[in-house]
Amino acid sequence: MKQFTSVKDVANPKELVQKALELKKNPYAHKQLGLNRTLGLLFFNSSLRTRMSSQKAAANLGMNVMVMNVTQDSWQIEMEDGVLMDGGKAEHIREAAAVMGQYCDILGVRSFPGLEDREADYQEVILNAFIKHSGVPVVSLESATLHPLQSLADLITIAEYQQTARPKVVLTWAPHVKALPQAVSNSFSEWIQHADVDFSIVQPKGFELSEAFTGSAPVLYDQKEAFEGADFIYVKNWSSYKNYGAVGEARDWVVNQEKLAVTNQAKVMHCLPVRRNVVIADDVLDSESSIVIPQAGNRVYSAQIVLKEILGNL
Ligand code: CP
């Protein structure tokens, strides 16, 4: 593996899930692999899980880690080429990325979308600039459109909890108070179609995701109908792709125990952070139905298998 920005960077996603499960049994077995190697973690946006799980994954492999909150700790970075830099931005991405590539063997980058200009967001300007100018492998820590480390952890979690050979997995839209990216849902839709599952998506009209990521997955609009017989309910809010960045008002899409009654004792997943009783009710999060904590725990093994594969190619 030379970079990790989407499922397309992975030759065999199913095999990667199995490798992660093996790694989880013995996470310190490759302490020498990362010796004298440095991981740089660059955050243009907030994080709890991605930051801590990536640091732990790197430590498990013996790597050094440098973390920077770019917008707070560094110079303001100019992304556009050919501009007169006489404003507030003191450093160009061409130098910033190239210099970071001098200090780090692998760079992780988190950069969310602005959710105002769909075309600009879906061009992945920041992630692609690091790929172009850093000279080292780049790992997405969640980009404008995708969150592959989360999706890999999600598939690891489903593999651990599935009770049938081909579980029914439903991605459901849920309400939120502000506009959130489509990245987790786009990415989960892409990855889950590489697993042996029956996958469908349910959302209010107007919240259809880009077909570039959902492919041929069935799209439903009735949450109760979609939940019938489900083994896994993946809950996530996303703002509208069509009416770009619009927030949904459908508060009755919150996932609670009453709605789970028609499922096959479904396990409930969410990438976190989650707003209780807006997105998922307490009676789900505090019950046996919820697997959000082990799901977050698997972020370590998702990051670790990716770093291990890239280190093996350096
Ligand atoms: N799920 C996830 O990526 O969490 P953070 O935003 O806290 O990193």
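Worth saying up front: this structure is predicted, and the values here are computed from it rather than measured.

Definitions and cut-offs
- Residues numbered from 1 in each chain as written.
- Predicted model: local features only at pLDDT ≥ 70, side-chain atom pairs only at ≥ 80, totals over all residues.
- Heavy atoms only, no water.
- Helix = DSSP H or I, 4+ residues; strand = E, 2+ residues; numbered from the N terminus.
- Rg over C-alpha atoms; globule rule 2.2 N^0.38 Å.
- Buried < 20%, exposed > 50% of the residue type's maximum accessible area, 1.4 Å probe, protein only.
- Contact = heavy atoms within 4.5 Å.
- Areas by Shrake-Rupley, 256 points an atom, 1.4 Å probe, with all protein chains shown as cover.
- Near = heavy atom within 4 Å.
- Polar contact = N/O pair within 3.5 Å; in protein donor to acceptor, adjacent residues only side chain to side chain.
- Salt bridge = Lys/Arg side-chain N within 4 Å of Asp/Glu carboxyl O.
- Pairing = 2+ DSSP bridges.
- Axes fitted to C-alpha atoms, helices over the stretch in contact; angles between N-to-C directions.
- UniProt positions renumbered as here; feature names shortened; annotations may be inferred.

A. Inspection of the overall build of the protein chain at higher detail. Per the secondary structure count, the protein chain includes 14 helices and 11 strands. Rg of the C-alpha trace for the protein chain: 20 Å, near the compact-globule value of 20 Å for 314 residues, within the 12% margin. For the protein chain, the spread of C-alpha atoms along the principal axes amounts to about 55 × 45 × 35 Å. Sorting the 314 residues of the protein chain into buried and exposed places 55% on the buried side. By sequence separation, contacts in the protein chain at least 24 residues apart represent 78% of the contacts at least 6 residues apart. Summed over its atoms, the accessible surface of the protein chain is roughly 14100 Å², and 47% of this surface lies on carbon and sulfur atoms.

B. Spotlight on the site of the ligand. The environment of the ligand is formed by Ser47, Leu48, Arg49, Thr50, Arg110, His147, Gln150, Cys271, Leu272 and Arg299. Within the contact set of the ligand, an oxygen atom lies 2.8 Å away from a side-chain nitrogen or oxygen of His147. When isolated, the ligand has an accessible area of 250 Å², and the protein chains bury 93% of it.

C. Structural detail: the pattern of salt bridges. Tallying each qualifying case throughout the model produces 13 salt bridges. The partner of Glu190 in a salt bridge is Lys8, and the shortest N-O contact between them spans 2.9 Å. Here Glu190, found in helix H8 (residues 183-192), pairs with Lys8, found in the segment before helix H1 (13-25); they are 182 residues apart in sequence, far enough to count as distant. Classification of Lys8 as exposed rests on a relative accessible area of 64%.

D. Representation of the sheet that holds strand S8 (residues 198-202) within the structure. Ordered by their spatial adjacency, five strands build an open sheet running S9-S8-S7-S10-S11, and the pairing between neighbours is parallel. At either end of the open sheet lies a strand with only one pairing partner, and these are strand S9 (219-220) and strand S11 (267-269). Against the sheet, H8 touches strand S7 (168-173), S8 and strand S10 (232-236), its axis set at about 165° to S7.

E. Structural view of the side chain of His147. By secondary structure assignment, the location of His147 is in the loop between strand S6 (138-140) and helix H7 (148-161). We classify His147 as buried; its relative accessible area is 2%. In this structure, His147 is in contact with Thr50, Arg110, Leu141, Glu142, Ala183, Val184, Ser187 and Arg299, ignoring residues within four places of it in sequence.

F. How the structure looks around the side chain of Thr5. In this structure, Thr5 sits in the segment before H1. In this structure Thr5 touches Leu127, Ile131, Val138, Ser140, Leu146 and Pro148, once residues within four positions along its chain are discounted.

G. Region of the structure containing the UniProt feature "domain: Aspartate/ornithine carbamoyltransferase Asp/Orn-binding" (unreviewed entry) in the protein chain. When the UniProt feature table is mapped onto this chain, "domain: Aspartate/ornithine carbamoyltransferase Asp/Orn-binding" (unreviewed entry) is found at residues 184-307. For residues 184-307, the helix share is 33%, the strand share is 12%, and the end-to-end C-alpha distance is 20 Å.

H. Here's a closer look at the pairing of S10. Burial within S10 is extensive, with five of its five residues counted as buried. The two faces of S10 match: Phe232, Tyr234 and Lys236 on one face and Ile233 and Val235 on the other face are all buried. Across five bridges, S7 lies against S10 in parallel orientation. If you follow Val170 over to S10, its bridge partner there is Ile233. Of the strand pairs in this sheet, S10 and S11 are connected by three bridges, and their pairing is parallel. When the bridges of S11 are listed, Tyr234 appears paired with Met269.

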